Each structure stands twice: as C-alpha cells, then as structure tokens.
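The lines below spell out each chain.
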Amino acid sequence: MSLPRGLRDYEPDSYEKLELIRSNFVKLAKIYNIKLMEPSTLELLETLQAKGGEDIVKEIYEFTDKGGRRVGLRFDLTVGITRYVCSRRDLPLPIKLGSFASMWRYDEPQFGRYRWFYQWDIEVYGDKSPESYAEILSFTSRMLRDSGLDVKIEISDRRVVEDLLKYRIGHNEYIPELLRAMDKLGKKTKEQIVNEYTEKGIDEKYIDEALQISQGGERLLDEIHTQSKELLEKVIDESKSLKLPVIVNLGIVRGLDYYSDIVFEAYSDEKREIGALAGGGGYDILTGAFKRPELNALGAAGGIDRLLLALSNRPTKKEEIVYVVYTGETKKEALKVLELLRGADISSEYSRSDKLGEGLRQAEKEGAKASVLVLPREIKDGKVKIKLMKSRLEDLVPVEKLSDWLKVH
Ligand code: AMP
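Conventions adopted
Numbers given for residues are sequential positions, taken from 1 along each chain in its written order. Note on the predicted model: pLDDT of at least 70 is required for a residue's local features to be given, and 80 or more for side-chain atom pairs to be given and counted; whole-chain, interface and lining totals, by contrast, use all residues. To get the side-chain values, all heavy atoms of the structure are used, and hydrogens and water are removed first. Each helix is a run of DSSP H or I of at least 4 residues and each strand a run of E of at least 2, with the numbering of both proceeding from the N terminus. For a compact globule the rule gives 2.2 Å times the number of residues to the power 0.38, and the radius of gyration it is set against comes from C-alpha atoms. Exposure classes here rest on a 1.4 Å probe applied to the protein chains alone. A residue is buried below 20% of its type maximum, exposed above 50%, and partly exposed in between. Only the protein chains shown count as cover for residues, with accessible areas throughout obtained via the Shrake-Rupley method and a probe of 1.4 Å. None of His or the chain ends enter the tally, which takes Lys and Arg as positive and Asp and Glu as negative. To locate a charge, take NZ of a lysine, CZ of an arginine, CG of an aspartate or CD of a glutamate. We call two residues in contact when some of their heavy atoms are within 4.5 Å. Polar contact is defined as a pair of N or O atoms within 3.5 Å, subject to the rule that within protein one atom must be able to donate a hydrogen and the other to accept it, and that residues adjacent in sequence are counted only when both atoms are side-chain atoms. Strand pairing follows a simple DSSP-based rule, namely that at least 2 bridges must link the two strands. All axes are obtained by fitting lines to C-alpha atoms, using only the stretch in contact for helices, and the reported angles, taken between N-to-C directions, cover 0 to 180 degrees. The working definition used for a salt bridge is a side-chain nitrogen of Lys or Arg within 4 Å of a carboxyl oxygen of Asp or Glu. Note on terminology: angles under 35 degrees are roughly parallel, angles over 145 are roughly antiparallel, angles of 65 to 115 are roughly perpendicular, and the others are oblique. A crossing counts as left-handed when the near helix is turned anticlockwise from the far one by less than a right angle, and as right-handed when that turn is clockwise. Following the grouping adopted for this structure description, the nonpolar residues are Ala, Val, Leu, Ile, Met, Phe, Trp, Tyr, Cys and Pro, the charged ones are Asp, Glu, Lys and Arg, and the polar ones are all others, Gly among them. In this text, near means that some heavy atom of the residue lies within 4 Å of the molecule or strand in question.

**Details of the overall build of the protein chain**
Argument step 1. From N to C terminus, the protein chain includes 16 helices and 16 strands.
Argument step 2. Over its C-alpha trace the protein chain gives a radius of gyration of 28 Å, far above what one expects of a compact globule, namely 22 Å for 409 residues.
Argument step 3. Based on the C-alpha atoms only, the size of the protein chain along its principal axes is roughly 95 × 55 × 45 Å.
Argument step 4. Taking all 409 residues of the protein chain together, 51% fall into the buried category.
Argument step 5. Carbon and sulfur atoms form 49% of the exposed surface of the protein chain, whose accessible area is close to 20600 Å².
Argument step 6. Here the protein chain holds 67 positive side-chain charges and 71 negative ones, and the gap between their average locations is 5 Å.

**What about the side chain of Ser-214?**
Argument step 1. Note that Ser-214 resides in helix α9 (residues 204-215).
Argument step 2. Taking the relative accessible area as the measure of exposure, Ser-214 reaches 7% and is therefore buried.
Argument step 3. Look past the residues within four positions of Ser-214 in its chain and what remains in contact with it is Met-182, Leu-185, Asn-249, Leu-250 and Gly-251.

**Comments concerning the environment of Arg-8**
Argument step 1. Tracing the chain through its elements places Arg-8 in the segment before α1 (12-31).
Argument step 2. Once the C-alpha coordinates of Arg-8 and Arg-83 are considered, the two residues, 75 residues apart in sequence, prove to be 29 Å apart.
Argument step 3. In this view, Arg-8 contacts Leu-3, Tyr-114, Trp-116 and Asp-305; residues no more than four positions away in its chain are not counted.
Argument step 4. A distance of 2.8 Å separates the side chain of Arg-8 from the backbone oxygen of Trp-116, its partner in a polar contact.

**As for the sheet that holds strand β3 (residues 62-64)**
Argument step 1. The sheet built from 3 strands is open, its strands ordered β2-β4-β3 with antiparallel pairing. Either end of the sheet is taken by a strand with one partner, and the two such strands are β2 (42-44) and β3. Ignoring which end each strand starts from, the neighbouring axes of this sheet average 35 degrees apart.
Argument step 2. Inspection of the sheet shows β3 paired to strand β4 (residues 70-73) by 3 bridges, in the antiparallel sense. Of the residues in β4, the one forming a bridge with Phe-63 is Val-71.

**Details of the pattern of salt bridges**
Two side chains with opposite charge may pair up if their charged atoms get near one another.
Argument step 1. Here the structure, examined in full by the defined rule, presents 33 salt bridges.
Argument step 2. Notably, a salt bridge pairs Lys-128 with Asp-284, separated by 2.6 Å at the nearest N-O pair. Remark: Asp-284 occurs in the loop between β10 (278-283) and α11 (285-289) and Lys-128 occurs in the loop between β6 (116-125) and α5 (130-145); sequence separation between them is 156 residues.
Argument step 3. Owing to a relative accessible area of 18%, Lys-128 belongs among the buried residues under this scheme.
Argument step 4. A residue is classified by how much of its surface remains accessible, and Asp-284, at 27% relative accessible area, is partly exposed.

**Thoughts on the pairing of strand β7 (residues 151-157)**
Argument step 1. The element β7 is largely enclosed, with a buried count of 6 among its 7 residues.
Argument step 2. Here 7 bridges tie β7 to strand β9 (residues 262-268), and the two strands are oriented antiparallel to one another. Among the inter-strand pairings, Lys-152 is bridged to a residue of β9, identified as Tyr-267.
Argument step 3. Pairing between β7 and strand β8 (residues 246-248): 3 bridges, direction parallel. Residue pairing for β8: Ile-153 is matched across the bridge by Val-246.

**Focus: the packing of helix α7 (residues 175-184) against α9**
Argument step 1. Contact geometry for α7 and α9: axes closest at 9 Å, N-to-C directions at 50 degrees. When the axis of α7 is compared with that of α9, the two are oblique. Of the two possible hands of crossing, α7 and α9 adopt the one that is right-handed. Contact residues: Leu-178, Ala-181 and Met-182 in α7; Tyr-206, Ile-207, Ala-210, Leu-211, Ile-213 and Ser-214 in α9.
Argument step 2. A class-by-class count of the residues in the contact of α7 with α9 yields 8 nonpolar, 1 polar and no charged.

**Comments concerning the site of the ligand**
Argument step 1. The local shell around the ligand holds 15 residues, among which Arg-105, Tyr-114, Gln-119, Arg-254 and Ala-276 are the closest.
Argument step 2. Between Asp-107 and the ligand, the recorded distance is 3.2 Å, taken from a side-chain N or O atom to a nitrogen atom.
Argument step 3. In this structure, Tyr-114 approaches the ligand through a main-chain N or O atom, which is 2.9 Å from a nitrogen atom.
Argument step 4. Elements with a minimum of two residues in the shell around the ligand: β6, β10 and β11 (297-303).
Argument step 5. Its residues assigned to classes, the shell around the ligand shows 6 nonpolar, 4 polar and 5 charged.

**Describing the packing of α1 against α5**
Argument step 1. For the pair α1 and α5, interaxial distance at closest approach is 10 Å and the crossing angle is 150 degrees. Considering the angle they form, α1 stands roughly antiparallel to α5. When the axes of α1 and α5 are compared, the crossing they make is right-handed. Along the contact surface, α1 presents Ile-21, Asn-24, Phe-25, Lys-27, Leu-28, Ala-29 and Ile-31, while α5 presents Phe-139, Arg-142 and Met-143.

Here it is, written out as structure tokens:
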C-alpha cells in the first residue's frame, strides 16, 4: 500500500525525536511566557487566501466540503492564530501565542520539503517594538541551539531592500518582481534567474542590482538615509547586546506575501543545504485583511522535519525499561508485578515466554536496565529477584519495595 506523493509516516525513531522537540518547545513557551493553542486544521478557503501570496495559494490543499463550502487545510499556523486573535476583540494586548502542529502544502516534494510537515510557531500581537523582535529572535535561537545546533539568524527588512532598490535603479517599477528574483537566489543559479526575469521584460541591469543587494551585508545600510532602516538598526543593536547569533542578509525576502517589514531566516552553520530551519518577521497586511489593520504582529516558525534532518546522525537516547520474566507457574503473579511497576510510572515490559532463560535473553536484546524475576518460591514470600543487566548486581526485594528500589538504582 502506498501513500500519496510527498507524504510519509513518522516512524518511531523520528517520532520520538519529534516529541522531544515538542516538549522542549512547550518548556520554552512557558519560560518566555507564551500561551499555547492550536488553530483549526481546516479553514474557509477565503481565509487561507488572505494575503498568502500567489506561491502559497497554489500550494493549498483545497476542496469543497459536503455542504458545498470551499475549504482548505492550513498551510501554516500564522493565518489561523491571526484569524483567531483578530476575531477576539476582548483579548488583552499585547498577547503572545504559540502552537506546535502539522500542516499541508502542495509543494514540489524534494529533500527537506514535504507535503505534510510539522512546525513550531510563536506570534506576538500588539507590540511591534525592537524588544519584541529581539524576544522572538532569542526564542528562535534558543529553540535551535537547544537541539544542539549552531545557527545564524539572517535578518533583513523588506522596506529597506525596496528603498535600496529604488535608490539604485532610480524608480519604483518592477520592485515586487525584483524581490521575487532575490528570493530565488540560492534555489536557482544567477543565470537561471536572469533568464527568467529578462523574459518577463525586466532589464538585466535591474536584476543585477537586485542580486548584488542580495549578497550585500550590513554595510549596504549606509547607502540610504531613510526612516525605513531605523527598526532594522534597532533590532540589530538589541540582538547584539543580547549576544544573539543575528547577522544582516538583505537577500532574505521570504516567499509569503504577508510580511511587511522585518524578515528573518535561521540556518544551521554546518548544514545549510537543508534550507531554513526557521523563519519569521513582522506583518500587518494579514491583520488588515482580517479587519484589524491597527493590530500589528510579528512571529517566527520553524520546520520540525528539517530539524530532524539536521539531527539525523544523532542517536536517540533509549528509554530504559524494566523487563519482567517468569516461569510457567508464576505468569499471573508476574503480570500483577508488571501492573504495579507501570502504576509507579516505571517503563516496563514482560517476556513473551514462560522460560526464564528465554525471558532474560529477550531483556538483554531489548537493552533493558533490569530484569525482575518472578520465581515460584520467592513470590510465595512476597518477594522478587532483581538483576541489573549491566552490573549483574542481584537483590531479593519485597514486591511493595520494588519500585522504590528501581528508582534509586
Ligand atoms: P514558512 O511557513 O514558509 O515561513 O516556513 C517556516 C519553516 O517551516 C521553514 O523555515 C522550514 O523549516 C519549514 N518548512 C516550510 N515548508 C516546508 C516543507 N514543505 N517541508 C518541510 N518543512 C518546511
């Protein structure tokens, strides 16, 4: 039986890592005072189409439901959380919300790009200050560093890039197209981009300027003297004072149309080829589309699957289990001991054989921490024999003391 193209199962090994990442995210959300929620999986198509931009609209899994409504599966968490916040005028502002869930994009499947994948996501509404940006940049770097990765967060501001483009080419024309061309650098060669955009009637020298800006760093900010660069400069300053791994890269544009000012992406130093591990920025166009133009917002989201790829060569820490083994006579008692262990929150398993030797072999094979031997004579006295698999240490312990014994050994 095969799956639809671009979909796959999370097998136990990657699912375990996914759950570790989720629990770290939940922990960090508490530390940063971010409330967690999950927006609806399914949205009205018109909600998803609000300012997602042409690329994302092409990628929506959409259909007509049995009541004839045009609906679509969420392609990110930002749209749903923003719809929720915009529709709840009673919420106190500023508000910080987060979510960890899966989403669907009818993307072209390739390395690090799937049609069903998980993201962590945080959003801030009602406080678009440099400090607020620094807070989400700090969260993003912590989230990735806690996974053991060295990362750089590359930051830009769309308004600054637009002003630079206008300054360099001398007019306003073709700006959206040139931003798109910049977004393609890294995914396509310079030549491919020049060909694609000259075919659209754009002068090659404009494309050259755009690609040059893409590759320029912080020093390009000195070229312009507009108000648009104030926020970016303050965010950089704040990030430097907090020692966050943030650098300027004016080539960061981001595909989603709803970003309006700051945009950023995080990359692993070691494995840049995986693509962005997280991305985010500021947006008020989306809140505007949901009839709350005054509600400014910013947020960050990270792909869990890419994090899993970045961590793929690290072994998962095996949960240490306790194995209950028994003889033909003591199976019933052994199952009671197993229930007792599980009742005391001790991960445990029981042998599928009533031969002691075979049971111990299974315990060894599973890498168990200890075996609990339920033997006919000992259990009559209310005792079991414990064998620590590594040190071979053995002890005879009353059943009621068993879980305490295991917790200290
Ligand atoms: P975006 O919502 O496009 O800003 O993406 C945020 C993060 O989600 C990216 O930095 C990636 O880590 C991840 N991501 C986006 N698209 C995909 C995809 N098709 N498959 C896996 N991860 C993705």
